[in-house]
Amino acid sequence: MAGVMLDTKAGITLKGSTDIVVEFFDYGIHSILYQRGVYPPESFTRINKYGLTLLLSTDETLKDYLKEVLQQIKEWLLLMTINKLVLVIKSIDSNEVLERWQFDVECEKDITPESVKTEKTDKEINKEIGAVIRQITASVTFLPLLETACSFDLLVYTAKDLEVPEAWGESGPNMIANSSEVRLRSFSTTVHKVDAMVAYKND
């Protein structure tokens, strides 16, 4: 995904903020899948972003899937109808939910497509996002080792009565029984705020 640049003089709009949040979701999802070993490490390539070295999957099927999902999320962000994105990691053998990465999304209530926010620079926003990504990377220090082959699902929570694409199905919350939770850092573009947390199964 191409880098998102902010014009600090013009400020940030709903569209500009949406691009930043979608880009974070893209890099964040790839980072989680790499750090938790859902895809083999040799299928990732290194790139520099947010002042960090990040890893992106080269798996074409995964890339196509994420591109489709993120395009839909972008549309919902522009409509201000998305509440959260959840990445669920499951055991392939038992289908048991082992981890639940949750990203809560808040949008300024008074924002319009024409609104411009000027409280933050791109450097400040990227620094906050980089701190979240660092925590994802450091998660291997406290999350239990995933000792079984795993798959993942993406759950998107939206406003009620929203028209959903035919290819998307409804799902339960995929909660974890007997779980521990760790709240991660948040970041704000001044238009959107994203809070992150991860829940994992206690042995």
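Just above sits the structure.
Because the structure is predicted, anything quoted here is derived from the model rather than measured.

Basis of the calculations
- Residues numbered from 1 in each chain as written.
- Predicted model: local features only at pLDDT ≥ 70, side-chain atom pairs only at ≥ 80, totals over all residues.
- Heavy atoms only, no water.
- Phe/Tyr/Trp six-rings, centres within 6.5 Å; stacked < 30°, edge-to-face > 60°.
- Helix = DSSP H or I, 4+ residues; strand = E, 2+ residues; numbered from the N terminus.
- Axes fitted to C-alpha atoms, helices over the stretch in contact; angles between N-to-C directions.
- Left-handed = near helix turned anticlockwise from the far one by under 90°.
- Contact = heavy atoms within 4.5 Å.
- Nonpolar A, V, L, I, M, F, W, Y, C, P; charged D, E, K, R; others polar.
- Salt bridge = Lys/Arg side-chain N within 4 Å of Asp/Glu carboxyl O.
- Buried < 20%, exposed > 50% of the residue type's maximum accessible area, 1.4 Å probe, protein only.
- Core = buried A, V, L, I, M, F, W, Y, C linked by side-chain atoms within 4.5 Å.

Trainee: So what exactly am I meant to see when it comes to the packing of aromatic side chains here?
Mentor: Within a pair of aromatic rings, the relevant descriptors are the distance that separates the centres and the angle that separates the planes. Scanning the model with the defined rule gives nine aromatic pairs in all. Between Phe24 and Phe187, the aromatic rings sit 4.9 Å apart at their centres with planes inclined by 70°, giving edge-to-face as the arrangement. Highlighted residues: Phe24 in helix α1 (residues 14-35) and Phe187 in strand β6 (residues 179-188), separated in sequence by 163 residues. The structure contains a cluster of three or more aromatic residues connected by ring pairs, namely Phe24, Phe25, Phe103 and Phe187.

Trainee: I would appreciate a short explanation of the packing of α1 against helix α2 (residues 60-79) in the present structure.
Mentor: Two packed helices can be described by the angle between their axes and the distance between those axes. In the contact formed by α1 and α2, the axes pass within 10 Å of each other and the chain directions differ by 150°. Seen from above, α1 lies across α2 with right-handed handedness. For the pair α1 and α2, the contacting residues are Leu14, Lys15, Thr18, Asp19, Val21, Val22, Phe25, Asp26, Ile29, His30 and Leu33 in the first and Leu62, Leu66, Leu70, Ile73, Lys74, Leu77 and Leu78 in the second. Its residues assigned to classes, the contact of α1 with α2 comprises 12 nonpolar, two polar and four charged.

Trainee: What am I meant to see in the pattern of salt bridges here?
Mentor: When charged atoms on two side chains of opposite charge get close, those side chains can pair. Under the defined criterion, the tally for this structure stands at 10 salt bridges. Two residues, Asp153 and Lys90, come together in a salt bridge whose shortest N-O distance is 3.2 Å. Note that Asp153 is positioned in strand β5 (residues 150-158) and Lys90 in strand β3 (residues 82-91), a separation of 63 residues in sequence. Classification of Asp153 by relative accessible area gives partly exposed; the value is 32%. Judged by relative accessible area, Lys90 falls into the buried class, the value being 10%. Close ionic contact of Glu96 with Lys201 constitutes a salt bridge, the shortest N to O distance being 3.1 Å. Within this pair, whereas Glu96 is found in the loop between β3 and β4 (97-107), its partner Lys201 is found in strand β7 (residues 192-201), the two being separated by 105 residues in sequence. On the basis of relative accessible area, Glu96 is assigned to the partly exposed category, the value being 33%. When salt bridges with common partners are traced through the structure, they connect Lys15, Asp19 and Lys74 into a single cluster.

Trainee: Which parts of the structure should I look at to understand the nonpolar core?
Mentor: When a protein is soluble and globular, its nonpolar side chains tend to lie buried together. Counting residues in hydrophobic clusters, the biggest one holds 53 residues, and the most contacted among them are Phe24, Phe25, Leu33, Leu87, Trp101 and Phe103. With 10 residues, α1 is the largest single contributor of residues to this core. Discounting residues that sit within four places of it in the chain, Phe103 has contacts with Phe24, Phe25, Ile32, Asn83, Lys84, Leu85, Ile136, Val194, Asp195 and Ala196. In terms of nonpolar packing, the next biggest core, distinct from the first, is built from seven residues, Val88, Val97, Leu155 and Met197 among them.

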